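Understanding the architecture of this molecule
Spelled out, the chains give:
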Amino acid sequence: MSHTTSAHPTRITVARGDGVGPEIMDATLRILEAAGAPIAIDEIEIGERMYRAGHTSGIAADAWDIIRRNGVMLKAPITTPQGGGYKSLNVTLRKALNLFANVRPSKAYAPFVASPHPRINLVIIRENEEDLYAGIEHQQTADVTQVLKLITRSGSERIVRYAFEYARAYGRRRVTCMTKDNIMKLTDGLFHRVFDEVSREYPDIQADHMIIDIGAARLAAQPEMFDVIVTLNLYGDILSDVAAQIAGSVGLAGSANIGSTAAMFEAVHGSAPDIAGKGVANPSGLLLAACQMLVHIGEARAAETIKNAWLCALESGLHTADIYRDGISRRLVGTDEFTRAVIGSLGQTPRELEAVQYRPGGIKVQVADPAPVTKALVGVDVFLDWNEAGRDPQRLGAAVEAAAPGFWRLKMLTNRGVKVYPDGLPETYCTDHWRARMLPQNGKEARFADVLALLQAFDQHGLQVIKTEHLYTMNGAPAYSLGQGE
Ligand code: NAD
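Residues numbered from 1 in each chain as written. Predicted model: local features only at pLDDT ≥ 70, side-chain atom pairs only at ≥ 80, totals over all residues. Heavy atoms only, no water.

So, about helix α12 (residues 393-403). The set of residues buried in α12 consists of P393, L396, G397, V400 and A403. When α12 is viewed along its axis, its buried side chains cluster within an angular range of 135° and face the same direction. Each element contacted by the buried residues of α12 is listed here: β16 (375-385), β17 (408-415), β18 (418-421), β19 (433-440) and α13 (448-460). Two or three places before Q394, at the start of α12, stands the capping residue D392, its side-chain oxygen 2.9 Å from that residue's backbone nitrogen. (Buried < 20%, exposed > 50% of the residue type's maximum accessible area, 1.4 Å probe, protein only. Helix = DSSP H or I, 4+ residues; strand = E, 2+ residues; numbered from the N terminus. Arc of directions from axis to C-beta. Contact = heavy atoms within 4.5 Å. Polar contact = N/O pair within 3.5 Å; in protein donor to acceptor, adjacent residues only side chain to side chain.)

Pasting the structure below:
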């Protein structure tokens, strides 16, 4: 289906989703149309029906052509069927379309909507593709599973630049980076370093860094102290839900997933099956996501008109059940009446709540390829599955030393990252997953052939190799972490 609202519209893809999805999408599109937002719509079907029809990712192959052609998508929430075999469509869309930035504003609308933090007004910009969400997991021994945390310089730079450009475009003054680089010095450390480098190019924006644990605690207790937060994928996932919750308004939060060639806009909440079909859902989350979309496609005036009308509707006290409070609200309304209240307020500006003004145009970031490095192989970490009685590091240490060809020496054994040989502590618990850090005897460079000879020797001596990690120097500096206690 295709509707056109203007002579020069931007084509967008619309998915009505499941549960309350069709109701809130209908309300949102009615408001967009009444405001004259210059968009044309191509509808696709995603979600439960597609899953049940055998599309394990919740989307049919031909829908991808429409999504890719239009580049901009407004998506209602979908229901992911319980049980195995189904893939999260959100993760699929983000990764397939390179939607690297997840932008989630959290704002309180006190005194018209009750909030424990009436002055909260922050935006979380979450890296959307990397980190533990690369989804590379393995079980390597009877006891041990692992996941690969991937952080790239280019991915970090892209999201950090996006955060600073966002701050500039939306008149925000401060960008706070949150990482755990006191522990993950290489991965989170890279993100933090890139943040420090990029922040120097934005002297007009205040920049600071917090360790994620204290940052999360401050966010929960004093969210009004934050402006823009930029962070890695997992931390951002958790923080943005905390922020949405403490703003008192999960039903009011929109979210944008931005890439360089595509973007997807949606409500933060899910398909709310408990209230689906009752006409009581709050359409605000999707409507605010649609406003983010309009700004993204350069229709800032339309976004302003709609957002200001929406603020007027909130002020009028006509509230859906999720935000209705005795003493604050004037009347309990359903989706349709709230939608009509927004449409009736088009062209007005709010009396008490701050009216919005957007700068037109999307945010573009450019990231250069990382500078080439001089890389030298200076050792290898060999991971072993070894479960002999007692799991005694002394015995494994002796076995590794006996097996290693003369080129190599054993620097240490670690178990779950802690040095246990030589000079380990008897208290340290050892599982069946060991790392032998092997260095060349002469302290010089190794060749790949030396690594292969080492692995062959281990295999011949009955040591079960499960994986290796090369130890490199990059431009002369060690590019690997030390063992705990090394
Ligand atoms: P939910 O967000 O759908 O609902 C949580 C609670 O909030 C429910 O009580 C619901 O009635 C209420 N609520 C949510 N949106 C509302 C609105 N617009 N107006 C009024 N009340 C609203 O979370 P859930 O119940 O955990 O998930 C339901 C389904 O949604 C699951 O299948 C889940 O996988 C899916 N989900 C989808 C998305 C998405 O598509 N982006 C996001 C989250 C969850």
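So, next bit.
Next up on the list: the side chain of R172. Positionally, R172 belongs in the loop between α5 (153-169) and β9 (174-179). Given the relative accessible area of 16%, R172 is considered buried. Those residues in contact with R172 that sit more than four places away from it in its chain are N121, L122, V123, Y166, A167, I205, D227 and V228.

On to the packing of aromatic side chains. Counted under the stated rule, the structure contains nine aromatic pairs. Geometrically, the ring pair formed by Y162 and Y166 is tilted, given 6.4 Å between the ring centres and 35° between the ring planes. With a gap of four residues between them, Y162 and Y166 both fall in helix α5, about one helical turn apart. Like Y166, Y162 is buried. With a centroid separation of 5.6 Å and 75° between ring planes, the pair formed by W386 and W434 is classed as edge-to-face. In this pair, W386 is assigned in the loop between β16 and α12 and W434 in strand β19, connecting sequence segments 48 residues apart. There is no split in this pair, since W386 and W434 are both buried. (Phe/Tyr/Trp six-rings, centres within 6.5 Å; stacked < 30°, edge-to-face > 60°.)

So, about the pattern of salt bridges. All chains considered together, the criterion is met by 26 salt bridges. The salt bridge partner of R49 is E45, with a shortest N-O separation of 2.8 Å. Residue E337 is joined to R331 by a salt bridge in which the shortest nitrogen-to-oxygen separation is 2.6 Å. Taking the relative accessible area as the measure of exposure, R331 reaches 38% and is therefore partly exposed. (Salt bridge = Lys/Arg side-chain N within 4 Å of Asp/Glu carboxyl O.)

Following both chains from N to C, one finds helix α10 (residues 300-315) and helix α11 (residues 335-344) inclined at 120°, their axes separated by 8 Å at the closest point. Taken together, the axis directions place α10 and α11 in an arrangement best described as oblique. For α10 against α11, the interelement crossing comes out right-handed. Residue-level contacts link I306, A309, W310, A313 and L314 of α10 to F338, A341 and V342 of α11. For the contact of α10 with α11, the class distribution of residues is eight nonpolar, no polar and no charged. (Axes fitted to C-alpha atoms, helices over the stretch in contact; angles between N-to-C directions. Parallel < 35°, antiparallel > 145°, perpendicular 65-115°, else oblique. Left-handed = near helix turned anticlockwise from the far one by under 90°. Nonpolar A, V, L, I, M, F, W, Y, C, P; charged D, E, K, R; others polar.)

Interfaces are often described in size by the accessible area the parts lose on coming together. Each assigned domain of the protein is listed with its residue range as follows: domain 1 (1-100 + 248-356), domain 2 (116-243) and domain 3 (375-478). Relative to domain 2, the C-alpha centre of domain 1 lies at a distance of 26 Å. Contacts between the two partners involve nine residues from domain 1 and, on the opposite side, twelve residues from domain 2. Across the domain 1/domain 2 interface, buried area totals approximately 980 Å², and carbon plus sulfur atoms make up 48% of it. (Domains from an automatic or database assignment. Buried area = accessible area lost by both parts, 1.4 Å probe.)

Once that is clear, we can look at the environment of S57. By secondary structure assignment, the location of S57 is in the loop between α2 (48-52) and α3 (61-70). Look past the residues within four positions of S57 in its chain and what remains in contact with it is Y51, K87 and L89.

Below, the discussion takes up the packing of helix α7 (residues 212-221) against helix α8 (residues 233-246). One can describe the packing of α7 onto α8 by two numbers: an axis separation of 10 Å at closest approach and a directional angle of 15°. Judged by the inter-axis angle, α7 sits roughly parallel to α8. For the pair α7 and α8, the sense of crossing is right-handed. Residues I212, A216, L219 and A220 of α7 lie in contact with α8, whose contacting residues are Y235, L239, V242, A243 and I246.

Okay, the pairing of strand β4 (residues 72-75) next. Burial along β4 is two-sided: V72 and L74 facing one way and M73 and K75 facing the other are all buried. As paired strands, strand β2 (residues 10-15) and β4 are joined by three bridges and run parallel to one another. Its bridge partner lying in β4, V14 is registered against L74. As defined by bridge partners, β4 adjoins strand β13 (residues 263-267) across four bridges and the pair is classed as parallel. By the bridge assignment, V72 is partnered in β13 with A263. (Pairing = 2+ DSSP bridges.)

Around the ligand sit 17 residues in total, of which I78, G270, A272, D274 and N282 are the nearest. Between S271 and the ligand, the recorded distance is 3.0 Å, taken from a backbone N or O atom to an oxygen atom. If the ligand stood free it would expose 810 Å²; the protein chains cover 65% of that surface. Split by residue class, the shell around the ligand holds six nonpolar, seven polar and four charged. (Near = heavy atom within 4 Å. Areas by Shrake-Rupley, 256 points an atom, 1.4 Å probe, with all protein chains shown as cover.)

Strand order in the open sheet formed by six strands is β18-β17-β19-β16-β20-β21, with antiparallel pairing between adjacent strands. Each having just a single partner strand, β18 and β21 (477-478) make up the two edges of the open sheet. Sheet topology note: the β17/β18 ladder contains three bridges and is antiparallel. Its bridge partner being in β18, T414 is matched across the sheet by K419. Strands in contact with α12 are β16, β17, β18 and β19; relative to β17, the strand with the most contacts, it is inclined by about 155°. Of the strands in this sheet, β16, β17, β19 and β20 (464-474) are in contact with α13, which crosses β16 at around 15°.

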